[in-house]
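A structural walkthrough
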Amino acid sequence: MIKLTKTKATEWMGNGMGTSTAEWCVKGAENIIVFKTGHRWVAQNEDTCCVLCRAWDKKDLITKLETLLT
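What comes next concerns the included structure. Just so you know, these numbers come straight off a predicted model, no measurement behind them.

Before going further, it helps to spend a moment on a nonpolar patch on the surface. On the surface, a nonpolar cluster with roughly 250 Å² of combined accessible area is contributed by Leu52, Leu68 and Leu69. Position of Leu69 relative to the elements: it lies in helix 1 (residues 58–69). You can call Leu69 partly exposed: its relative accessible area is 44%.

Spelled out as structure tokens, the structure:
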């Protein structure tokens, strides 16, 4: 079971700029970050900037990520 740790909270960027989304990292593999961009969730290896998987919701992303990491 993958556990996520929040590394960055949602932040208001100002009028006209909107908000920046929160970011998480995989506990035990802190180089893998999880974030939302647009309407999709993304898991990315921060060391190589390689996208590991994408999904439409966070639950599906974690399920896909579990199969990749096991």
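So, on to the side chain of Gln44. Within the fold, Gln44 resides in strand 6 (residues 40–45). The class of Gln44 is buried, set by a relative accessible area of 16%. Other than its neighbours up to four places away in sequence, Gln44 contacts Asn31, Ile32, Ile33, Phe35, Cys49, Cys50, Val51 and Leu52.

Each value, and the rule that gives it
- Residues numbered from 1 in each chain as written.
- Predicted model: local features only at pLDDT ≥ 70, side-chain atom pairs only at ≥ 80, totals over all residues.
- Heavy atoms only, no water.
- Patch = residues over 30% accessible without salt bridge, like charges linked within 9 Å, V, L, I, M, F, W, Y side chains within 5 Å.
- Areas by Shrake-Rupley, 256 points an atom, 1.4 Å probe, with all protein chains shown as cover.
- Salt bridge = Lys/Arg side-chain N within 4 Å of Asp/Glu carboxyl O.
- Helix = DSSP H or I, 4+ residues; strand = E, 2+ residues; numbered from the N terminus.
- Buried < 20%, exposed > 50% of the residue type's maximum accessible area, 1.4 Å probe, protein only.
- Contact = heavy atoms within 4.5 Å.

None of this, on its own, says anything about what the molecule does.
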